[in-house]
Structure formats: structure tokens, C-alpha cells
Amino acid sequence: MGANFGKVGTELNFLAQKAPLALTMGDPSGIGPCLTIKAWKHFRKKGPVFFWVGDVELIEGEIPVKIINSPYEALEIFPHALPIINIPCAVQVKPGHPCFRNAGAVIKSIDYAVEAVKKGEAQAIVTNPIAKYILSEAGFKYPGHTEYLAHLCDLSEREVMMLACPSLKVVLTTIHVSLRQAMDDLNTQHIIDVTLTANESLKRDFGIKNPRIAMAGLNPHAGEKGLMGVEEGFIISPAIKFLQEKGVNVFGPLPPDTMFSSIVRPQYDVAICHYHDQGLIPIKTLDQAHGVNVTLGLPIIRTSPDHGTAFDLVRGKGDCMADPSSLFSAIEMAAEMSAKKQAFEEALK
Ligand SMILES: NC(=O)c1ccc[n+]([C@@H]2O[C@H](COP(=O)([O-])OP(=O)(O)OC[C@H]3O[C@@H](n4cnc5c(N)ncnc54)[C@H](O)[C@@H]3O)[C@@H](O)[C@H]2O)c1
Ligand SMILES: N[C@H](C(=O)O)[C@H](O)COP(=O)(O)O
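Reading guide: rules and limits
Residues numbered from 1 in each chain as written. Chains lettered and ligands numbered in written order. Predicted model: local features only at pLDDT ≥ 70, side-chain atom pairs only at ≥ 80, totals over all residues. Heavy atoms only, no water. UniProt positions renumbered as here; feature names shortened; annotations may be inferred. Helix = DSSP H or I, 4+ residues; strand = E, 2+ residues; numbered from the N terminus. Pairing = 2+ DSSP bridges. Right-handed = clockwise from strand over helix to strand, strands pointing away. Domains from an automatic or database assignment. Contact = heavy atoms within 4.5 Å. Buried area = accessible area lost by both parts, 1.4 Å probe. Near = heavy atom within 4 Å. Areas by Shrake-Rupley, 256 points an atom, 1.4 Å probe, with all protein chains shown as cover.

- With an unreviewed UniProt entry as reference, the protein chain is termed 4-hydroxythreonine-4-phosphate dehydrogenase, source organism Aristophania vespae.
- Its UniProt record, at the heading Function (unreviewed entry), says of the protein chain: "Catalyzes the NAD(P)-dependent oxidation of 4-(phosphooxy)-L-threonine (HTP) into 2-amino-3-oxo-4-(phosphooxy)butyric acid which spontaneously decarboxylates to form 3-amino-2-oxopropyl phosphate (AHAP)."
- Looking at the protein chain in UniProt, the text filed under Sequence similarities (unreviewed entry) is "Belongs to the PdxA family."

**A word on unusual backbone geometry**
Then, number 1: The amide bond that connects Gly47 to the next residue, Pro48, takes the cis arrangement and shows omega of 0°.
Then, number 2: Inspection of the secondary structure puts Pro48 in the loop between α2 (32-43) and β2 (50-54).
Then, number 3: Cis geometry is adopted by the peptide bond preceding Pro253, which originates at Gly252 and carries an omega value of -5°.
Then, number 4: One can find Pro253 in strand β9 (residues 250-254).
Then, number 5: In this structure, Asp154 is a non-glycine residue whose phi angle is positive, near 55°.

**Observations concerning the pairing of β9**
Then, number 1: Of the strand pairs in this sheet, strand β8 (residues 213-216) and β9 are connected by three bridges, and their pairing is parallel. Looking at β9, one finds that Ile213 is bridged to Val250.
Then, number 2: On the question of chirality, the crossover connecting β8 to the parallel β9 by way of helix α9 (residues 231-245) is right-handed.

**Some details on the domain arrangement of the protein chain**
Then, number 1: Per the domain assignment, the segments making up the protein chain are domain 1 (1-156 + 299-349) and domain 2 (160-297).
Then, number 2: Between the C-alpha centres of domain 1 and domain 2 the distance comes to 28 Å.
Then, number 3: Facing 28 residues of domain 1, the contacting portion of domain 2 comprises 24 residues.
Then, number 4: Here domain 1 packs against domain 2, burying approximately 2000 Å² in sum over the two surfaces, 60% of which is carbon and sulfur.

**Remarks on the site of ligand 2**
Then, number 1: Every residue close to ligand 2 is listed here: Lys132, Gly144, His145, Thr146, Met161, His176, His276, Leu280, Lys284, Asn293, Arg302 and Asp306.
Then, number 2: Expressed as a share of its isolated accessible area of 350 Å², the protein-covered part of ligand 2 is 88%.
Then, number 3: Elements supplying a minimum of two residues to the shell around ligand 2: α6 (145-152) and α10 (276-287).
Then, number 4: No other element matches the three residues that α10 contributes to the shell around ligand 2.

In C-alpha cells, the structure reads:
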């Protein structure tokens with residue numbers, strides 16, 4: 001299992017890894033703990049190395065575990081046991097039944113992982129899924145990891161969500177807002193900023209020299225020359241023109257209903273989409289198993305599986321019926337992006 005984003009898990013890379021990845025707990029009642037167990041079994045011999053930031057009780061007894069005090073200890077321990085920075089939950093975890101009283105531990109896990117990356121003790125963060133409504137019940141004011149990570153990096157509103165699978169990458173100009181709000185939020189400057197962020201990241205973190213960027217339209221037939229909507233003419237095309245003048249390899253606006261077909265997809269490296277489901281429906285339909293959610297625009301690398309907490313698939317402690325492929329892909333992609341970013345920065349020196 002695992003997607004073909006490139007070769008990562010070789011013995012050589014495993015030995016060369018200077019810092020581990022930090023894998024967060026996610027919702028302790030969801031599939032995160034079970035997927036983490038599957039991931040450790042899958043990667044323990046070949047890497048990349050990661051440590052889990054979560055409640056040891058959710059995993060202890062299922063696989064060998066070792067509580068660590070510093071991420072650096074993970075490199076040596078990983079082949080023998082899952083290294084864990086222990087963040088105890090406040091109340092007993094009922095598998096499949098989330099409780100807002102454990103929101104504090106969920107958030108603490110993310111905070112620890114971010115700090116570890118900022119301090120250079122971890123390479124990147126891979127997040128297990130959280131249930132947004134449960135965190136909201138506990139008073140958490142961010143709609144998802146993406147916005148919270150931007151806040152932790154002092155870069156609120158600069159965050160960009162990308163989802164990637166081997167046959168498609170999509171980037172969103174609006175993220176966790178209602179469709180009505182997304183239409184209000186759409187503006188030329190924001191489309192320019194998001195596209196520039198995506199362009200830079202594809203070069204730096206994905207090793208694509210001159211990314212081909214397809215810009216989606218918003219309306220049926222990309223507006224049909226104003227007959228079915230005017231946003232293409234007033235908002236989207238001016239952004240494309242500006243970006244092209246800056247040398248960005250962008251084209252469109254493309255009719256959204258045909259741009260994800262197998263005929264059009266090979267013509268671009270990334271599609272810029274204007275609302276959550278415009279971009280996420282095609283990718284989750286095409287290849288949910290290997291889809292990875294990546295946060296761009298921040299100084300830290302963060303990936304995540306492209307699915308949620310799937311409470312319905314949890315059978316008991318450390319046990320679930322969930323496919324771990326997307327988490328495997330997220331772990332591989334985080335390691336691969338870290339290596340590409342490092343090579344890019346070294347080439348600039
Ligand atoms: N990265 C994240 O933190 C993240 C991402 C998406 C959704 N969520 C959260 O997850 C919760 C549930 O959301 P949802 O129901 O829309 O999405 P979901 O992905 O949890 O579930 C949708 C469907 O896909 C199935 N499914 C999910 N993961 C699977 C896997 N690995 N293998 C096999 N089947 C799988 C589920 O059983 C369900 O039928 C929500 O609270 C949402 O906020 C979190
Ligand atoms: N929008 C994502 C999806 O549907 O897969 C998901 O909610 C994750 O969002 P964060 O990475 O911001 O938690």
C-alpha cells in the first residue's frame with residue numbers, strides 16, 4: 001500500500017533521516033489510533049520514522065510502545081516500538097464515541113507537534129483526523145487544522161489547502177466556509193495570492209520546475225461569455241492576466257465540469273478551485289485511498305489523510321475497519337516534501 005509519489009521508504013533514506021515526523025493523535029475516539037498502529041507496522045522496518053503525540057493508553061497492549069521525552073529518541077526506538085510523547089486524555093475514551101472533554105488533549109497534541117517542527121526536532125507534521133464539531137463544542141474557534149496551523153505560525157489567512165493524489169492536485173481559494181460565503185469571499189487579489197503560494201510550493205516542495213496551473217471557472221461553462229455568470233470576467237480572468245504577466249504558467253478559466261476528465265487532467269500539475277467541494281469532490285472520487293491533504297503557505301510542512309474520523313468504522317480499542325492507505329501516503333509525502341524542500345534550499349545557497 002502507499003502511493004507512488006516517488007521512492008521514500010528505502011533503507012538508505014531511513015538511515016539518513018535526521019529528524020522524525022510528528023504524527024498527531026487526532027480525535028482519540030476515531031480511527032486515528034488504529035491507523036497509527038497500522039502505520040507503525042507498515043513503516044517500522046523501512047521508515048520514514050515518526051513518533052506519535054497522543055495518549056499512550058490508546059495504543060499500549062496492541063503493539064510495543066515506548067514513551068519518549070524528546071523527539072530525537074524516536075530515531076533509535078522506531079524499529080522496535082512506537083515512540084510516544086504522552087498526552088493523556090482528560091476522560092476515558094470510548095472508541096467510536098467522541099467526547100468534547102478530550103478536546104484539550106487533541107489540541108495539545110497539535111501544539112506539541114508544531115513546536116517540535118519549529119524547533120527543528122521534527123521534520124514535518126502529519127495529522128490524524130479531528131472532528132471539527134466536537135472541538136467547536138469545547139470552544140475551539142478554528143474550523144480545521146489548516147486555519148489553526150496558520151494561527152500557530154502567526155500567518156492567519158495566508159494558509160492554503162491542497163489535496164493531492166498521484167493523478168490530481170487541487171488547491172482551494174476558499175476553504176471551510178459556506179458556499180454562499182465562498183462566493184462573497186472570492187476576489188482577484190486572493191486568487192493571485194493563493195496561486196502564487198501554490199506555484200512556489202510546487203517548485204520547492206514537489207520539485208516541479210515550471211508548474212502548469214489550470215484555473216477553474218466558477219459558473220456553468222465558465223460563465224459562457226457572461227451568459228451564465230460574470231465572475232469569470234470580473235474576478236478570475238484579471239487574476240489570470242496578472243499572473244501570466246508575472247511569468248506564472250497559468251491558463252483558464254476552465255469549465256469546471258470538464259477540467260477533471262482524464263483527457264484534461266494530464267495538461268496541468270494543479271487545479272485552482274474556488275470552493276471546498278469544487279476541488280474535493282473530484283479528488284476524493286478519483287482516489288480517496290491515496291489522497292493527501294497538504295497545508296501550503298506556512299513555514300512548516302503538514303500533511304494529513306484525506307478522510308475524516310470515520311467513527312462508524314471503529315470496532316474497539318486500536319481496532320477499526322478503515323483503509324490506512326491515505327495515512328501511509330500522507331506519511332510518505334511529508335518525508336518526501338521535507339527532502340525536496342531541503343534540496344531546493346541547499347541549491348539556493
Ligand atoms: N483532516 C481532518 O481532520 C478531517 C478531514 C475530513 C473530515 N474530518 C472530520 O471527520 C468527521 C467525519 O466526517 P465525514 O463523515 O464527512 O468524513 P469521513 O471521511 O470520516 O467519512 C466519510 C465516509 O468514508 C468512510 N471512510 C473514511 N475514512 C475511511 C478509511 N480510511 N477507510 C475506509 N472508509 C473510510 C467512512 O466510513 C464514511 O462512510 C467530521 O467531523 C469532519 O470534520 C476531519
Ligand atoms: N476539508 C478537508 C476535507 O474535507 O478533507 C478537511 O476538513 C480537513 O481540514 P483540515 O486539514 O483543515 O483539518
